[in-house]
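# Coordinate analysis (summary)
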Amino acid sequence: MLRPRIIPCLLLQGGGLVKTVRFREPKYVGDPINAVRIFNEKEADELIVLDIGATTGGATPNLRLIGQFATECRMPLCYGGGIKTREQAKQIIALGVEKVALSSAAIENPGLIPLIADDIGRQSVVVVLDVRRKRFGSDYEIWTHNGTTNTGKSAIEFAQQAAALGAGEIVINSIDRDGEMKGYDLEFAQNIRKALDIPMTVLGGAGSLEDIGQLVRTCGVVGAAAGSLFVFKGTYRAVLINYPKQAQREQLISANLTART
Amino acid sequence: MIGIVDYGLGNISAFANVYRRLGIDVVVVRDARTLRGATKIILPGVGAFDHAMELLNASGMREPLDEMVLGASVPVLGICVGMQILAGGSDEGRAAGLGWIDGGVSSFKSLGRFDLLLPHMGWNDVQPAQAVGLFSGLETDARFYFLHSFYFECTRPQDVAAVSSYGVDFACAVHSRNIYGVQFHPEKSHHFGTQLLKNFAEL
């Protein structure tokens, strides 16, 4: 049975590991390579690493650091941040990263998606959409540059377009739930799940394993990504890298998949 | 010495790391001369079938690979697209594969009524179909990470080494003589993958 994926999402800024709340107030939480080693030991399903300084800072992907991640990481790795060209995508795959995450570059120029898919295979092309509910209405819009620029594009329409163009996976990242640890936006997750025929990962809002369980119950086999949940412990948000044990994961997943059908 | 063939595709360093941690010597192979020094061969690969064949054929290692694997029976393990190119060809493209194991590569989409998401992405169960050393210690409860939309269809049922299920039961590992292939990523499958790579080294 193919299982839902429980995915720690690590944010980088200036080479350090940070965690944000609603895309702001990045708090330094430690050394990213050390975090990768801990997730290796805990046998995490997969890892997403996003360099949140790369696009806004106008920088290119830090290939040396990405290479270190790929070398250290014993689980599948998705890297995003600052990828604008086919050449960069190829270089990152050649370093041993399984998937590259495109965001603002693909949103501004969707034509980039099929070109990169041709080079590295669509299974390795992830499109990350930072979304926020429209001020009026129920639709969600895509924002870029760490949630500071509203593109006005509909999240669902663009996700479908990206899938049709060659994306192998869509990551939906809720800006307003980031770091809040109050649960995923289940209604939106379900809407976007229904609109897509490629794998999807939901990020933003998970505060407990029960939140992940609810996402699985709502969306079935899905990627459940979380930042704060796996780097903080307790009400005071003390930094402690953590991840559920395999038996716990199995139980969580089977209970919620059963509840779904 | 295990040679990891670097023809421009696949996670070379991830394989090297797993073996280094196991204390097993590996060499990254980029030319015919180094390749000839290997006693076992790992053939990685990601991306599109034709692109993989194009790069492999242009690498200068195609001929020695054929000689070593088919002539000298050097054990080889193809991974992901490195497994798919063991076949004669693929629905994904037009290039001829290595043709080392009888069969072809098909899309899940070509199955009528296939309604699951593609690519097949994530952790899935792997059930060995025959007692093959590659799966020693992995007979029950083994799971591996998959990332693919095409799968290997063996002409001869006895070449199916392990089966996984995604809408359909498919060969996620193949084996014939000294030739092995796995569709999943052992280099990214934690202790299950480490065990499989160790098994290959000990064959």
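Placed above this text is the structure.
The following paragraphs examine the structure supplied in this document. Keep in mind that this is a model prediction, so the values were computed, not measured. Once a new chain begins, its residue numbering starts again from 1 and follows that chain's sequence as written. Just so you know, chain letters begin at A and ligand numbers begin at 1, following the order they were written in. Two thresholds apply to this predicted model, a pLDDT of at least 70 for residue-level local features and 80 or more for giving and counting side-chain atom pairs, whereas whole-chain, interface and lining totals are computed over all residues.

The numbering of helices and of strands both runs from the N terminus, where a helix is a DSSP run of H or I of at least 4 residues and a strand a run of E of at least 2. For chain B, the count of helices and strands is six helices and twelve strands. Oriented by its inertia axes, the alpha-carbon framework of chain B measures out at about 50 × 35 × 30 Å. By residue count, 55% of the 203 residues in chain B fall in the buried class. In chain B, the proportion of contacts linking residues at least 24 apart, taken out of those at least 6 apart, comes to 70%. For the exposure call, what matters is how many other C-beta atoms sit within 10 Å of a residue's own: 20 or more marks it buried, 12 or fewer exposed, and in between partly exposed, using C-beta atoms placed from the backbone. Any residue pair is listed as a contact if its two C-beta atoms, each placed from the backbone, are within 7 Å.

Looking now at the nonpolar core. Counting 164 residues, the largest nonpolar core has L47, V100, I170 and A224 of chain A as the members making the most contacts within it. Setting aside chain neighbours within four positions, we find V100 of chain A in contact with Y79, G80, I83, A89, I92, I93, I120, S124, V125 and V126 of chain A. As used throughout, a nonpolar core is a set of buried Ala, Val, Leu, Ile, Met, Phe, Trp, Tyr and Cys residues joined through C-beta atoms within 7 Å of each other.

What follows concerns the packing of helix 1 (residues 32-41) of chain A against helix 2 (residues 63-72) of chain A. Residues and elements named next belong to chain A. Relative to each other, helix 1 and helix 2 sit at 15 degrees, their axes nearing to 10 Å. Taken together, the axis directions place helix 1 and helix 2 in an arrangement best described as roughly parallel. Considering how the two elements wind past one another, helix 1 and helix 2 form a crossing that is right-handed. Mapping the contact onto sequence places I33, V36 and R37 in helix 1 and Q68, F69 and E72 in helix 2. Split by residue class, the contact of helix 1 with helix 2 holds three nonpolar, one polar and two charged. Lines fitted to C-alpha atoms define the axes here, with helix axes fitted over just the stretch in contact, and angles between the N-to-C directions of these axes take values from 0 to 180 degrees. In these notes the angle categories are as follows: under 35 degrees is roughly parallel, over 145 is roughly antiparallel, 65 to 115 is roughly perpendicular, and the rest is oblique. A clockwise turn of the near helix away from the far one marks a right-handed crossing, whereas an anticlockwise turn of less than a right angle marks a left-handed crossing. Under the scheme applied here, ten amino acids are nonpolar (Ala, Val, Leu, Ile, Met, Phe, Trp, Tyr, Cys and Pro), four are charged (Asp, Glu, Lys and Arg), and all others, including Gly, are polar.

Residue and element names in this part refer to chain B. Residue P119 is bonded to the preceding L118 through a cis peptide linkage, with omega at 0 degrees. Residue D141 is not a glycine yet carries a positive backbone phi of 60 degrees. Along the polypeptide, D141 turns up in the loop between strand 7 (127-128) and strand 8 (143-148). Of note in this structure, R177 is not a glycine but carries a positive phi near 55 degrees. Inspection of the secondary structure puts R177 in the loop between strand 11 (169-176) and strand 12 (179-182).

A few words now on the pairing of strand 8 of chain B. A regular strand places its side chains on the two faces of the sheet in alternate fashion. Residues and elements named next belong to chain B. Buried residues dominate strand 8, accounting for six of its six residues. Where strand 6 (residues 120-125) and strand 8 come together, six bridges link them in antiparallel fashion. Residue H120 lies in a different strand from strand 8, and its bridge partner there is H148. Should DSSP find at least two bridges between two strands, the strands are regarded as paired.

With that settled, the discussion passes to helix 6 (residues 190-202) of chain B. Residues and elements named next belong to chain B. Expected span, for any helix, means 1.5 Å times one less than how many residues it has. The end-to-end C-alpha distance of helix 6 is 19 Å, a good match for the 18 Å that 13 residues give at a rise of 1.5 Å each. Turning to helix 6, its buried residues are H190, F192, G193, L196, L197 and F200. All buried residues of helix 6 fall inside an arc of 160 degrees around its axis, so they share one side. Summarising the geometry of helix 6, the exposed residues directed more than 90 degrees from the buried face are H191 and E202. This arc corresponds to the set of directions leading from the helix axis out to the C-beta atoms.

Residues and elements named next belong to chain A. Viewed as axis vectors pointing N to C, helix 7 (residues 186-195) and helix 8 (residues 209-219) meet at an angle of 35 degrees, and their least axial separation amounts to 9 Å. In the packing of helix 7 onto helix 8, the handedness of the crossing is right-handed. Taking contact as the criterion, the partners of L186, A189, Q190 and R193 in helix 7 are, on helix 8, Q214, L215, T218 and C219. In terms of residue class, the contact of helix 7 with helix 8 is made up of four nonpolar, three polar and one charged.

A few words now on helix 6 (residues 155-165) of chain A. Residues and elements named next belong to chain A. Those residues of helix 6 that fall on the buried side of the exposure criterion are A155, F158, A159, A162 and A163. Considered in projection along helix 6, the buried side chains sweep an arc of 140 degrees and stay on one side of the axis. Positive backbone phi, at 130 degrees, marks G166, one or two positions downstream of helix 6.

Residue and element names in this part refer to chain A. For G30, the location among the structural elements is in strand 3 (residues 24-30). According to the C-beta neighbour criterion, G30 is partly exposed, with 17 such atoms within 10 Å. Between the alpha carbons of G30 and I241 there is a distance of 9.7 Å; along the sequence they are 211 residues apart. Those residues in contact with G30, other than ones at most four positions away along the chain, are L17, A35 and V239.

Residues and elements named next belong to chain A. Taking burial as the measure, the five residues of strand 8 (residues 140-144) include four buried ones, the bulk of the element. Once strand 7 (residues 125-133) ends, the chain turns through six residues before running back antiparallel as strand 8, passing G137 with a positive phi of about 105 degrees. Both strand 8 and strand 9 (residues 149-154) contribute to a ladder of three bridges, which runs antiparallel. From the neighbouring strand, W143 faces strand 9, where its bridge partner is N150. In this antiparallel pair of consecutive strands, strand 8 and strand 9, the connection spans four residues, and H145 shows a positive phi of 55 degrees.

With respect to the helices and strands, the residue Q248 of chain A is situated in helix 10 (residues 246-260). Spatially, the C-alpha atoms of Q248 of chain A and L209 of chain A are 9.3 Å apart, while their sequence positions differ by 39 residues.

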